[in-house]
Amino acid sequence: MQRAAAARLFLARRPWVYWLAVVLLAIGVAAGVQRELGDVHDARARWGEVRAVHVATHDHEPGEVLATSTVELPLAAIPPTALSHAPPDARAKQRVSAGEIVVAADVTPAGGPAAGAAPHTLVVPVVDHLARDVRIGLAVQIVAEGIVLAADATVVEVIDEVAFVSVDPADAPLVAAAAKNDTASLIYVP
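Residues numbered from 1 in each chain as written. Predicted model: local features only at pLDDT ≥ 70, side-chain atom pairs only at ≥ 80, totals over all residues. Heavy atoms only, no water.

J.: In this structure, what is going on with the overall build of the protein chain? I would like to understand it.
T.: Per the secondary structure count, the protein chain includes three helices and nine strands. Its helices and strands taken in sequence order, the protein chain reads α-α-β-β-β-β-β-β-β-β-α-β from the N to the C terminus. Referenced to the eigenvectors of the C-alpha coordinate spread, the extents of the protein chain come out at roughly 105 × 40 × 25 Å. Per-residue burial for the protein chain yields a buried fraction of 25% across its 190 residues. Partitioning the contacts of the protein chain with sequence separation of at least 6, the portion at a separation of at least 24 is 59%. Looking at the protein chain, you have 14 positive and 21 negative side-chain charges, and the mean spots of the two groups are 25 Å apart. (Helix = DSSP H or I, 4+ residues; strand = E, 2+ residues; numbered from the N terminus. Buried < 20%, exposed > 50% of the residue type's maximum accessible area, 1.4 Å probe, protein only. Contact = heavy atoms within 4.5 Å. Lys, Arg positive; Asp, Glu negative; His and termini not counted. Charge placed at Lys NZ, Arg CZ, Asp CG, Glu CD.)

Here it is in structure tokens:
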């Protein structure tokens, strides 16, 4: 207690000491802020050149029209296949999350069920009256009369009761024949 009283008495008789301490503290804080701003500038300089890319504005499910906005990002943070300009009416080929950089694999141009299919596959329309909650991107197997016709298939479009399914070209004729005879069924793959 006596030390605190002595310090107050000392500062009361010599106010310049108090103000000197305040000025030194302010100089220390200013130097720290200046150093941090220099570090931020150095970090920005290390990133280098920037480029405008498209990012999704909200979550998209496969088949939805992509809504994007343009942002500038450092080249080091941009994937090589990022889109610098999105095609009009482009649709999501797979799930795209909000804020995600849109890359070529995420986009399918508008235009028919085959637009959403993977390369080197064929699209076959299948009607399965018992199938429920069929949606784009769903992994399925196609069977007919107990025989697996296509073990690895993906739904690429759904129009009314017709599920357009992407299958291996070797499986497409059997699937098409079963679909024509109305014996094709979809089996959901977990």
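J.: In this structure, what is going on with the environment of Gly-63? I would like to understand it.
T.: Inspection of the secondary structure puts Gly-63 in the loop between strand S1 (50-56) and strand S2 (68-74). Residues Gly-63 and Ala-92 lie 29 residues apart in sequence; the distance between their C-alpha atoms is 5.2 Å. With residues up to four places along the chain from it excluded, the contact list for Gly-63 reads Arg-91, Ala-92 and Ile-136.

J.: So what exactly am I meant to see when it comes to the environment of Ser-84 here?
T.: Looking at the element boundaries, Ser-84 is found in the loop between S2 and strand S3 (91-92). Residue classification places Ser-84 among the partly exposed positions, given a relative accessible area of 38%. For Ser-84 and Val-55, which are 29 residues apart along the polypeptide, the C-alpha to C-alpha distance reads 9.7 Å. Beyond its immediate chain neighbours, meaning those up to four positions away, Ser-84 contacts Arg-51, Ala-52 and His-54.

J.: Sorry, what's going on with helix H2 (residues 15-47) here?
T.: One turn of the α-helix equals 3.6 residues, which is why residues spaced by three or four share an orientation. An ideal rise of 1.5 Å per residue puts 48 Å on 33 residues; H2 measures up with 49 Å between its terminal C-alpha atoms. Downstream of H2 by one or two residues, Gly-48 has phi in the positive range, about 85°. (Expected span 1.5 Å × (residues − 1).)

J.: Would you mind going over helix H3 (residues 172-180) with me for this structure?
T.: Three or more residues of H3 are buried, namely Ala-172, Val-175 and Ala-178. Seen along its axis, H3 keeps its buried residues to an arc of 130°; they face one direction. Residues of H3 that are exposed and angled more than 90 degrees away from the buried face: Pro-173, Leu-174 and Lys-180. Where H3 is buried, its residues touch strand S5 (122-127), strand S6 (139-144), strand S7 (147-159), strand S8 (162-167) and strand S9 (184-188). Two residues or fewer past H3, Asp-182 is found with a positive phi of approximately 60°. (Arc of directions from axis to C-beta.)

J.: Teacher, can you tell me more about the environment of Val-143 here?
T.: One can find Val-143 in strand S6. Residues Val-143 and Val-53, spaced 90 residues apart in sequence, show a C-alpha to C-alpha distance of 43 Å.

J.: Got a minute to help me understand the nonpolar core in this structure?
T.: The nonpolar side chains of a soluble globular protein tend to be buried with one another. Residues Val-126, Val-140, Ile-142, Val-165, Val-167, Val-175 and Leu-186 are the most contacted members of the largest nonpolar core, which totals 19 residues. Going through the elements one at a time, S5, S6, S7, S8, H3 and S9 are the ones with two or more residues in this core. Top element by residues in this core is S7. It accounts for four residues. Each residue touching Val-126, except ones within four places of it in the same chain, is listed here: Ile-142, Glu-161, Val-162, Ala-163, Val-165, Val-175, Ala-179, Ala-184 and Leu-186. Within the second largest apolar cluster, eight residues are counted, among which are Ala-56, Leu-83, Ala-92 and Val-102. (Core = buried A, V, L, I, M, F, W, Y, C linked by side-chain atoms within 4.5 Å.)

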